[in-house]
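So you can see what is in the structure, the chains are spelled out below.
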Amino acid sequence: MTDSPAHVAVELEDLPRLRELLDSGHDVEDEQGCESGWTLLRHAIDIEWDSHVQTRDPLRVNVTAYLLARGANPLRVIGGKTILAEAEDCGHWLAVDIMKAWIERAKNPSE
């Protein structure tokens, strides 16, 4: 399977290109990525965590945060687990905290 243009943008952490694609109608829940059934959000979490582990640079969450802002669903189930649970399992604590805050805000939008 060939990655969709949006998954390529996630892989490269190319936010301007990802924005262009989403603005032009690309599905924020796109599953046409490197792993079967991975959404853009699941892919972003993997890329951010792997980059941190491989380089020992500070953990980043820019692609994850952007995808959440564009409507990506952290409670979507992939392989029997939510994307949030996947982030918890791999140790991407920054994405976990952001997703939990996003979920809480969605439950109580007036707060």
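For the structure itself, look to the data block above.
Since the structure is predicted, the reported quantities are computational estimates derived from the model, not experimental observations.

Draft legend 1. Region of the structure containing helix α6 (residues 93-107). Across its 15 residues, α6 extends 21 Å between first and last C-alpha, which sits within 8% of the 21 Å expected from 1.5 Å per residue. Along α6, the residues classified as buried are Ala95, Val96, Met99 and Ile103. Mapping the buried residues of α6 onto a view down its axis gives an arc of 100 degrees, with all of them on the same face. Looking at α6, the residues exposed on the side facing more than 90 degrees away from the buried face are Trp93 and Arg105.

Draft legend 2. Just the packing of helix α2 (residues 15-23) against helix α4 (residues 62-69), in detail. Contact pair α2 / α4: the axes reach a minimum separation of 11 Å and the direction vectors enclose 15 degrees. As the angle between them shows, α2 and α4 are arranged roughly parallel. Where α2 crosses over α4, the two elements pack in a sense that is right-handed. Listed contacts from α4 to Leu15, Leu18, Arg19 and Leu22 of α2 are Asn62, Val63, Tyr66 and Leu67. Of the residues that constitute the contact of α2 with α4, the class distribution is 6 nonpolar, 1 polar and 1 charged.

Draft legend 3. Examining the packing of aromatic side chains more closely. Taken as a whole and assessed by the stated rule, the structure comprises 0 aromatic pairs. Over the ring of Trp38 we find Arg42; its NZ or CZ atom is 4.5 Å from the centre of that ring.

Draft legend 4. Quick peek at the environment of Glu20. Here Glu20 shows up in helix α2. With 14 residues separating them in the primary sequence, Glu20 and Ala6 have C-alpha atoms 9.3 Å apart.

Draft legend 5. Structural context of the nonpolar core. Formed by 26 residues in total, the largest nonpolar core has its most connected members in Leu18, Leu41, Leu67 and Met99. Breaking this core down by element, the ones donating at least two residues are α1 (5-11), α2, α3 (40-55), α4, α5 (83-90) and α6. Dropping the residues within four chain positions of it, Leu67 is found in contact with Val10, Leu18, Leu22, Val28, Leu40, Leu41, Ala44 and Ala72.

Draft legend 6. View of the side chain of His92. For His92, the position within the fold is in the loop between α5 and α6. Setting aside chain neighbours within four positions, we find His92 in contact with Ile45, Glu48, Trp49, Leu59, Arg60, Val61 and Ala87.

Draft legend 7. Broad picture of unusual backbone geometry. Of note, Glu13 is a non-glycine position whose phi angle comes to about 55 degrees, a positive value. The phi angle at Arg56 is positive, at roughly 65 degrees, despite the residue not being glycine. Position of Arg56 among the secondary structure elements: in the loop between α3 and α4.

Draft legend 8. Highlighting the environment of Gly37. With respect to the helices, strands and loops of the structure, Gly37 is situated in the loop between α2 and α3. In this view, Gly37 contacts Glu31 and Ile78; residues no more than four positions away in its chain are not counted.

The rules we used
- Residues numbered from 1 in each chain as written.
- Predicted model: local features only at pLDDT ≥ 70, side-chain atom pairs only at ≥ 80, totals over all residues.
- Heavy atoms only, no water.
- Helix = DSSP H or I, 4+ residues; strand = E, 2+ residues; numbered from the N terminus.
- Expected span 1.5 Å × (residues − 1).
- Buried < 20%, exposed > 50% of the residue type's maximum accessible area, 1.4 Å probe, protein only.
- Arc of directions from axis to C-beta.
- Axes fitted to C-alpha atoms, helices over the stretch in contact; angles between N-to-C directions.
- Parallel < 35°, antiparallel > 145°, perpendicular 65-115°, else oblique.
- Left-handed = near helix turned anticlockwise from the far one by under 90°.
- Contact = heavy atoms within 4.5 Å.
- Nonpolar A, V, L, I, M, F, W, Y, C, P; charged D, E, K, R; others polar.
- Phe/Tyr/Trp six-rings, centres within 6.5 Å; stacked < 30°, edge-to-face > 60°.
- Lys NZ or Arg CZ within 6 Å of the ring centre and 35° of its normal.
- Core = buried A, V, L, I, M, F, W, Y, C linked by side-chain atoms within 4.5 Å.

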